[in-house]
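Residue strings, one per chain:
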Amino acid sequence: MADTPLTAKKYVDGIYIPAGLLVFGTFIVKKEWTPYAALLAILLSVWKFNNSQPKKVLKPDAFQEFELKEKTIISHNVAIYRFKLPTATAILGLPIGQHISIGANIEQPDGTTKEIVRSYTPISGDHQPGYFDLLVKSYPTGNISKHLASLAVGQAIKVRGPKGAFVYTPNMVRHFGMVAGGTGITPMLQVVRAIIRGRPTGDKTQVDLIFANVSPQDILLKEDLDQLAKEDSGFRVHYVLDKPPEGWTGGVGYVTADMVTKWLPKAAPDVKILLCGPPPMISGLKKATESLGFQKARPVSKLEDQVFAF
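Analysis parameters
Counting restarts for each chain, with residues numbered from 1 along the sequence as it is written. Residues qualify for local features only when their pLDDT is at least 70, as the model is predicted, and side-chain atom pairs are given and counted only at 80 or more; totals for whole chains, interfaces and linings, by contrast, use all residues. Water and hydrogen atoms were dropped before computing side-chain values, which therefore reflect all heavy atoms in the structure. Each helix corresponds to a stretch of at least 4 residues labelled H or I by DSSP, and each strand to a stretch of at least 2 residues labelled E; elements are numbered beginning at the N terminus. Working rule for contacts: check all heavy atoms of both residues, and any pair within 4.5 Å makes them a contact. Using the Shrake-Rupley algorithm and a 1.4 Å probe, accessible areas are obtained, with residue cover drawn only from the displayed protein chains. Salt bridges are defined by distance alone: a side-chain nitrogen of Lys or Arg within 4 Å of a carboxyl oxygen of Asp or Glu. Two strands pair under a simple rule: DSSP has to find at least two bridges between them. For helices, the fitted axis covers only the stretch in contact; all axes are lines through C-alpha atoms, and the angles between them, taken along N-to-C directions, range from 0 to 180 degrees. Definition of a polar contact: a pair of N or O atoms within 3.5 Å, with one able to donate and the other able to accept a hydrogen when the atoms are protein atoms, and with sequence-neighbouring residues admitted only if both atoms are side-chain atoms. Burial classification: accessible surface area is computed with a 1.4 Å probe over protein chains only, and a residue below 20% of its type maximum counts as buried, one above 50% as exposed, and the rest as partly exposed. Orient the strands so they point away from the viewer, and a crossover whose first-strand-to-second-strand path over the helix runs clockwise is right-handed. Under this scheme an angle from 65 to 115 degrees is roughly perpendicular, one under 35 degrees roughly parallel, and one over 145 degrees roughly antiparallel; angles in between are oblique. Rotating anticlockwise by less than a right angle from the far helix to the near helix defines a left-handed crossing, while the corresponding clockwise rotation defines a right-handed one. Amino acids are sorted into nonpolar (Ala, Val, Leu, Ile, Met, Phe, Trp, Tyr, Cys and Pro), charged (Asp, Glu, Lys and Arg) and polar (every other residue, Gly among them). Definition used in this section: a nonpolar core is a set of buried Ala, Val, Leu, Ile, Met, Phe, Trp, Tyr and Cys residues joined via side-chain atoms within 4.5 Å. Any residue with relative accessible area above 30% and no salt bridge may belong to a patch, with like charges joined within 9 Å and the nonpolar Val, Leu, Ile, Met, Phe, Trp and Tyr side chains within 5 Å. Here a helix's expected span is defined as the number of its residues, less one, multiplied by 1.5 Å. The reported bend at a residue is simply the angle between two axes, fitted to the 7 residues ending at it and to the 7 residues beginning with it.

The next subject is the overall build of the chain. Assigned secondary structure in the chain consists of 7 helices and 12 strands. Along the three orthogonal principal directions, the C-alpha set of the chain runs to about 80 × 55 × 35 Å. For the chain, restricting intrachain contacts to residue pairs at least 6 apart in sequence, the fraction spanning at least 24 positions comes to 68%. As presented, the chain carries roughly 16600 Å² of accessible surface, and 58% of it is formed by carbon and sulfur atoms.

Here we take up the pattern of salt bridges. Any two side chains of opposite charge can pair if their charged atoms end up close together. Following the criterion strictly, the structure yields 12 salt bridges and no others. Asp218 serves as the salt-bridge partner of Lys137, at 4.0 Å between the closest nitrogen and oxygen. Linking Lys137 in strand S5 (residues 131–137) with Asp218 in the loop between strand S8 (206–213) and helix H5 (222–231), this pair joins segments that are 81 residues apart in sequence. In this structure, Glu304 engages Arg298 in a salt bridge whose closest nitrogen and oxygen atoms are separated by 3.3 Å. Three or more residues joined by partner-sharing salt bridges are found here, namely Arg298, Glu304 and Asp305.

Turning our attention to the sheet that holds strand S2 (residues 78–84). Taken together, 6 strands build an open sheet; the order of strands is S4-S3-S6-S1-S2-S5 and the sheet is antiparallel. In this open sheet, the two strands that pair with only one neighbour each are strand S4 (113–120) and S5. Each neighbouring strand pair of the sheet contributes to a mean axis angle of 40 degrees, computed without reference to strand direction. Two strands pair when backbone bridges link them, and strand S1 (residues 64–75) and strand S6 (residues 156–163) are joined in this way by 4 bridges, in the antiparallel orientation. Within S6, the residue paired with Gln64 across the bridge is Val159.

For His175, the position within the fold is in strand S7 (residues 175–181). Polar side-chain contacts of His175 include one of 2.8 Å to the side chain of Asp208. Those residues in contact with His175 that sit more than four places away from it in its chain are Gln206, Val207, Asp208, Arg236, Pro265, Asp270, Val271 and Lys272.

Let us look at the pairing of strand S9 (residues 235–241). Counting buried positions along S9 yields 6 of 7 residues, so the element is predominantly enclosed. Examined bridge by bridge, S8 and S9 share 7 bridges and lie parallel to one another. Looking at the pairing, Leu209 lines up with Val237 of S9. Following the backbone out of S8, through H5 and into the adjacent parallel S9, one traces a crossover that is right-handed.

Right, let's talk about the packing of helix H4 (residues 185–197) against H5 for a bit. Here H4 crosses H5 at 30 degrees, and the two axes come no closer than 12 Å. Compared by their axis directions, H4 and H5 come out roughly parallel. Along this stretch, H4 crosses H5, giving a crossing that reads as left-handed. Where H4 approaches H5, its residues Ile185, Leu189, Val192, Arg193 and Ile196 are matched on the opposing element by Asp224, Leu225 and Leu228. Class assignment of the residues belonging to the contact of H4 with H5 gives a composition of 6 nonpolar, no polar and 2 charged.

Below, the discussion takes up the nonpolar core. Among the nonpolar cores identified, the biggest contains 34 residues, and Phe176, Met178, Ile185, Leu209, Phe211 and Phe235 are the most heavily contacted of them. Considering every element that reaches this core, the biggest residue donor is H4, with 8 residues. Ignoring sequence-local partners within four residues, the contact set of Met178 consists of Met188, Val191, Val192, Val207, Asp208, Leu209, Ile210, Leu264 and Leu274. In terms of nonpolar packing, the next biggest core, distinct from the first, is built from 25 residues, Tyr81, Phe83, Ala90 and Val159 among them.

Here the focus is a nonpolar patch on the surface. Judged by side-chain polarity, Phe24, Phe27, Ile28 and Val29 come together as a nonpolar surface patch covering roughly 460 Å² of accessible area. Take Ile28: it is sitting in helix H1 (residues 9–29).

Next up on the list: H1. Under the 1.5 Å per step criterion, the end-to-end length of H1 is 28 Å for 21 residues, consistent within 8% with the ideal 30 Å. Taken as a whole, H1 carries its principal kink of about 30 degrees at Tyr16; the proline Pro18 stands between one and four residues after it. Those residues of H1 that sit buried are Tyr11, Gly14, Ile15, Ala19 and Thr26.

This part takes up unusual backbone geometry. With an omega dihedral of 0 degrees, the bond running from Gly161 to Pro162 counts as a cis peptide bond. By the secondary structure assignment, Pro162 is in strand S6. Phi is positive for Asn171, which is not a glycine, with a value near 60 degrees. Along the polypeptide, Asn171 turns up in the loop between S6 and S7. On the basis of relative accessibility, which here comes to 39%, the residue Asn171 falls in the partly exposed class. Residue Leu221 is not a glycine yet carries a positive backbone phi of 55 degrees. Along the chain, Leu221 falls in the loop between S8 and H5.

Okay, structure coming up:
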């Protein structure tokens, strides 16, 4: 949206043609006023161009409220929440790979109220103006996830951002190896979609994703992932289940060093491993990747790290 070429039809129809008609019409009716008409046409064109550009709404140091527009139930404890932005052309202004903070005043067991803040990665992007989507799994002990699940259409959440150390840029590496567990799929999906959208303009990044879950019913957005893999030969997804059904042909159990060796790229300067999931999984995979020749992961990841945990 922000990269629309100046020769796009919306600019031709909405700016260039009206400006030209204003100048041409003035020339025919009153020739001596043509310079003033040209100046007015330029001023109006600049104003209209600026108004047509997407407005970034996120503020890193202040919470803002966004209204729940739509709720799509995926399963008994998973839903996609669509929140409305202030205008139809507004965008969050969230770089690919970063996330937002959601805050809410949550009642505590002792009766007091405490502000709780948690991080989430939208599954939508700035190429989709007017709204943003969150895929959220509600946990019995999850303060913010339970709060989101209780929202009715028309109610609002508090959001600030962007935040996070990872920002994707096209062709930043030759090959990504990704491992996601459960809702840890959201930042991976954000990056994968950005890579595939960038194919026409030269993004050649290869991606292999290991997606680990308990059972088939827990595999979030499987249809979307399978469709992306079908449409793009540079993206492959490998499923791992802790409790697989009979006849399951994917991985079984926890994600191991052997699975990383089998499905993800080997350690190289132009390869990066991305991790997102439960802390025990991340801890185990940091050790596994180091044993396979990747640089040792830091406790808190930085963009330049070869093994990056969201």
